[in-house]
Amino acid sequence: FSATNNTSETIVAKKLYTSCMCTKATLTKNDKTFGPFGMPAHGFIPEINENIEPGQEVQIEAVFDPAAHGPAGVGPIERKVVLETSDGQLEFNFKAQVTP
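Residues numbered from 1 in each chain as written. Predicted model: local features only at pLDDT ≥ 70, side-chain atom pairs only at ≥ 80, totals over all residues. Heavy atoms only, no water.

Novice: Requested: an account of the packing of aromatic side chains, with residues and values cited.
Specialist: A complete count under the given rule lists 1 aromatic pair for this structure. Ring centres 5.1 Å apart and planes at 40° place the aromatic pair F1 and F92 in the tilted group. Of this pair, F1 sits in the segment before β1 (2-4) while F92 sits in strand β8 (residues 88-98), and the two are 91 residues apart along the sequence. Note on F1: relative accessible area 41%, which makes it partly exposed. (Phe/Tyr/Trp six-rings, centres within 6.5 Å; stacked < 30°, edge-to-face > 60°. Helix = DSSP H or I, 4+ residues; strand = E, 2+ residues; numbered from the N terminus. Buried < 20%, exposed > 50% of the residue type's maximum accessible area, 1.4 Å probe, protein only.)

The following block contains the structure:
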């Protein structure tokens, strides 16, 4: 995923986390990478506190591990990656069909 600061103000990327332990997310700005980060209930999620200047783009990568739920984790899935910023939250959603 990519996100661009379309405002005239600097936005601070505060935290990045996922909706499930089977998914990890990273944020990349220029050549600097933060993460990977997982689900808040399964560990501490540190703050990023990285400025995103007006017009600047960042990339968010989500990596889903279909084996994380074991053999029972087949079928349709929906996962979410959340980027908390000084301007609110951005949610990035994806769906997949897990087959054995």
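Here the narrative resumes.
Novice: Describe the pairing of strand β2 (residues 11-18), listing the residues and the values that go with them.
Specialist: Two elements, β2 and strand β5 (residues 50-52), share 3 bridges in a ladder whose sense is antiparallel. Bridge pairing in β5 places A13 opposite E50. Two strands pair when backbone bridges link them, and β2 and strand β7 (residues 75-85) are joined in this way by 5 bridges, in the antiparallel orientation. The residue of β7 that forms the bridge with A13 is T85. (Pairing = 2+ DSSP bridges.)

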